[in-house]
Amino acid sequence: MVERNTLWSDITDRFREELGRPSYDNFIQPARLASFDASQHNAVIEVPNELSRERWLNTYSSQFTTFAFETNQMLLSNIDVRIVEPVVDLIEEIEKNNRLSSQQMRPGDSTKTTLKHGNNLDAKYIFDTFVVGATNQLAYGAALAVSEGSLEYNPLLLYGGVGLGKTHLMQATGNNALVNNPNQRVLYVTSEQFTNDFISAVRNGTTEKLREEYRNADLLLVDDVQFLSGKESTQEEFFHTFNDILGHSGRIVMTSDRLPKDIPDLQDRLVSRFQWGLSVDINKPDFETRIAILLEKAEKENISVDRNVIEFIAKQVDSNVRELEGVFKRVAIMAKFNQSAGDTVSIDDATKILAELDIAQKSEITISFIQETVAKFFAISISDLKGKKRNKEIVMPRQIAMYLSRELTDNSLPNIGREFGGKDHTTVMHATDKISAALESNKLIQNQITTLKKQINGD
Ligand SMILES: Nc1ncnc2c1ncn2[C@@H]1O[C@H](COP(=O)(O)OP(=O)(O)OP(=O)(O)O)[C@@H](O)[C@H]1O
């Protein structure tokens, strides 16, 4: 009895000899012998689209029967040619996926190699360099437990906004698992890569090999599962991968930008499976954690940045850690540059960096920004504004700056006093009262305050 694979490969070899390359590539290579029944002289060919079907019915079917007889003495009289939707879906999926991947490519993504090249882990993502704070400690704890072999949170789903450390934690889980047991099969993959791997395998007829690689994983890490949305065939494959891994007590960690129930066009059975274990969110780091992250980066880069500059950046950049890192990289370059000139990075330098990165406008108004603006407006120095001089040309701008700090920021009176060279809160109170009273009748002060507010607000 002739085996289906043998029959197919003998016949396609003959087609390759007989046909030109474009015809072979377009119509023979994408087709597949779904089944054949020697006793009934029947064969079923699956093709990806209507054009191929027509070609097969009109031209290749008769050649197929001739080749079947010549190569394997198989007598086939009835050839059924069908379009198989999944193949059509798959081709659409890979195209859609490639478009998405190229749009969403981030720096470093290109280093994520394909499955065959190893586990895809990046050694720089480890637990040691992950700063733990109130908004990520649960995720950190669960990821650490999974890396140590716990099956309690299986699957573990880490979800949250962009740049908050999901990939870092997930990769750290893989790296630490391998430290604990180097013989484990750990695989990290983005959901786009899973899709592409699967589609290429279908095209190349190597799905079994691929399944073996994925389904035998002891720890499978799948990043950005929200991109499985709408990819029916990939979801089907992922469903089986998921079941197989949990079936042999393997662990799965996934990340997503939202909860599975909020991912559109995700099969219900996947939604429910994704929530079997633990879903834990990662939120924006709070002020203290942002400071700790910056200090950690400074230590790692071996650069010294003044504490007040670190705090200034942490205050201004509160969106996500990736943005914080982006600012820090610029500060680090400047720090190295200044260091050689025996200087450090100042708040002014940091302000410029933020402005260049277009972060300043989005940020909260700070006391130092108010001081800078007021000093410039009255053409006096910041140190005079913060100092103790009692002459009129300095006192009035100082009181205006204190008034604006009270008006435009959330700082307390003692805090404002501290920022003005360590003055008492009663001095700030006196200043704000004085300016408020002057505003009732003094036209000049009214105009000055209006102009300054505009400058500070960036209007
Ligand atoms: N708590 C943290 N401590 C130290 N570094 C962090 C922390 N959180 C994030 N990072 C760093 O911030 C950068 C962005 O993090 P990561 O890529 O893990 O974000 P993500 O949540 O996966 O984002 P996305 O959804 O865009 O893929 C990385 O360089 C990461 O190392």
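Everything discussed here concerns the structure shown above.
Residues numbered from 1 in each chain as written. Predicted model: local features only at pLDDT ≥ 70, side-chain atom pairs only at ≥ 80, totals over all residues.

A. Highlighting the nonpolar core. In this structure, A143, L158, L220, I313, V327 and V331 are the most contacted members of the largest nonpolar core, which totals 67 residues. Looking at which element gives the most residues to this core, the answer is helix 13 (residues 321-340), with 7 residues. Both domains that meet at this core, namely domain 2 (92-281) and domain 3 (287-356), each give it at least three residues. Here I313 is in contact with L294, V327, V331 and A350, once residues within four sequence places are set aside. (Core = buried A, V, L, I, M, F, W, Y, C linked by C-beta atoms within 7 Å. Buried ≥ 20, exposed ≤ 12 C-beta atoms within 10 Å, placed from the backbone. Helix = DSSP H or I, 4+ residues; strand = E, 2+ residues; numbered from the N terminus. Domains from an automatic or database assignment. Contact = placed C-beta atoms within 7 Å.)

B. Expanded view of the site of the ligand. Around the ligand, the structure places 16 residues, and the nearest of them are G165, K166, T167, H168 and V321. Contributions of two or more residues to the shell around the ligand are made by helix 6 (166-180) and helix 13. Partitioning the shell around the ligand into residue classes produces 6 nonpolar, 6 polar and 4 charged. Three or more residues apiece are contributed to the shell around the ligand by two domains, here domain 2 (92-281) and domain 3 (287-356). (Near = placed C-beta within 6 Å. Nonpolar A, V, L, I, M, F, W, Y, C, P; charged D, E, K, R; others polar.)

C. Quick look at the environment of A217. Relative to the assigned elements, A217 resides in the loop between helix 8 (207-215) and strand 6 (219-223). Residue A217 is classed as buried on the basis of its C-beta count, with 22 C-beta atoms lying within 10 Å. Separated by 24 residues in the primary sequence, A217 and T241 place their C-alpha atoms 9.4 Å from one another. When sequence neighbours within four positions are dropped, the list of residues in contact with A217 reads R185, L187, I245 and G250.

D. Inspection of helix 14 (residues 347-356) at higher detail. The complete set of buried residues in helix 14 reads A350, T351, I353 and L354. An end-on view of helix 14 places all buried positions within 160° of arc, on one side of the element. Turned more than 90 degrees from where helix 14 packs its buried face, D348, A355 and E356 sit exposed. In this fold, the buried residues of helix 14 make contact with helix 12 (307-316), helix 13 and helix 15 (367-377). Within two residues after helix 14, D358 carries a phi angle of roughly 65°, on the positive side. (Arc of directions from axis to C-beta.)

E. Focus on helix 19 (residues 425-441). Between the first and last C-alpha of helix 19 there are 26 Å, a value that for 17 residues agrees with the 24 Å anticipated at 1.5 Å per step. Burial in helix 19 covers these residues: V428, A431, T432 and I435. For helix 19, the arc enclosing every buried residue in end-on projection is 95°, short of the 170-degree limit, so these residues lie on one face. Across helix 19 from its buried face, at more than 90 degrees, point the exposed residues T426, D433, A437, E440 and S441. Along its buried surface, helix 19 packs onto helix 17 (392-408), helix 18 (413-419) and helix 20 (443-457). (Expected span 1.5 Å × (residues − 1).)

F. View of unusual backbone geometry. Residues N154 and P155 are joined by a peptide bond in cis, for which omega reads 5°. Inspection of the secondary structure assignment puts P155 in the loop between helix 5 (137-147) and strand 4 (156-159). Residues other than glycine seldom take positive phi values, yet Q73 does so here, at roughly 55°. Mapped onto the fold, Q73 is located in the loop between helix 3 (50-72) and strand 3 (78-83). Residue D265 is not a glycine yet carries a positive backbone phi of 50°. You can see D265 is positioned in the loop between strand 7 (251-256) and helix 10 (268-274). Among the residues examined, D265 registers 10 C-beta atoms within 10 Å and is labelled exposed.

G. Region of interest: the pairing of strand 1 (residues 32-37). Note that strand 1 and strand 2 (residues 42-47) share 5 bridges and pair antiparallel. Looking at the pairing, S35 lines up with V44 of strand 2. Linking strand 1 back to strand 2 in an antiparallel pair, the connection comprises 4 residues, with H41 at a positive phi of about 60°. (Pairing = 2+ DSSP bridges.)

H. Main features of the sheet that holds strand 4. The 5 strands are arranged 5-6-7-4-8 in an open sheet whose pairing can be described as parallel. Unpaired on one side and paired on the other, strand 5 (186-190) and strand 8 (278-281) mark the two borders of the sheet. Neighbour to neighbour, the strand axes of the sheet diverge by 15° on average, direction disregarded. Along the sheet, helix 6 contacts strand 4, strand 5, strand 6 and strand 7; its crossing angle with strand 6, the most-contacted strand, is approximately 165°. (Axes fitted to C-alpha atoms, helices over the stretch in contact; angles between N-to-C directions.)

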